Amino acid sequence: LLRSEMLPRSLLFACLLAGASAFVPTGVAPVRVLVPAAGAPSLASSPAMSSVMKKAKAAKRKGKSSSAVAKRFKVTATGKLLRHSAFKSHILTKKHPLRKQKLRRTLQADESQLKTMQKLMLVVPKKK
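In what follows, the accompanying structure is described. (Residues numbered from 1 in each chain as written. Predicted model: local features only at pLDDT ≥ 70, side-chain atom pairs only at ≥ 80, totals over all residues. Heavy atoms only, no water.)

Once that is clear, we can look at the sheet that holds strand S1 (residues 74-75). What the three strands build is an open sheet, ordered S1-S2-S3; its pairing is antiparallel. The outermost strands of the open sheet, each flanked by one partner alone, are S1 and strand S3 (106-108). Of the strand pairs in this sheet, S1 and strand S2 (residues 81-84) are connected by two bridges, and their pairing is antiparallel. Bridging from a neighbouring strand, lysine 74 pairs with leucine 82 of S2. (Pairing = 2+ DSSP bridges. Helix = DSSP H or I, 4+ residues; strand = E, 2+ residues; numbered from the N terminus.)

Structure follows, in structure tokens:
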């Protein structure tokens with residue numbers, strides 16, 4: 001059959017559910033509708049996932065680190081983060097050479113932002 005000659009599926013299902021098998025066009029295989037048995041549990045009546053189950057499922061999931069933070073910081077052996085200094089990408093002509101030399105150094109991330117960045121990078125710091 002051509003597509004234009006076929007009935008929409010929703011109309012076929014409605015006809016089959018109503019028991020009107022005479023309306024099925026010739027050449028189309030009949031569609032079987034599966035009805036669950038009386039004792040079988042239905043999917044509609046199953047309870048929603050509990051918060052305990054959600055937390056357990058989330059714990060199994062593999063964590064994703066923030067790619068933006070991973071590009072900007074490097075983790076040390078103790079769990080601290082190293083960063084590059086800002087203000088050295090452009091407009092360098094008016095900066096003093098000693099200032100530019102100091103900006104080339106690698107610095108540690110500040111304590112105020114350390115916990116946040118460690119969470120984003122999935123880093124567990126070593127205990128003292």
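This brings us to the pattern of salt bridges. Scanning the entire structure with this criterion turns up one salt bridge. For lysine 80, the salt bridge is made with glutamate 111, and the minimal N-O distance between the two is 3.8 Å. One end of the pair, lysine 80, is in the loop between S1 and S2; the other, glutamate 111, is in helix H5 (residues 111-121), with 31 residues separating them in the sequence. On the basis of relative accessible area, lysine 80 is assigned to the partly exposed category, the value being 27%. (Salt bridge = Lys/Arg side-chain N within 4 Å of Asp/Glu carboxyl O. Buried < 20%, exposed > 50% of the residue type's maximum accessible area, 1.4 Å probe, protein only.)

Note that every value here comes from positions in space, so none of it alone points to a role or purpose.
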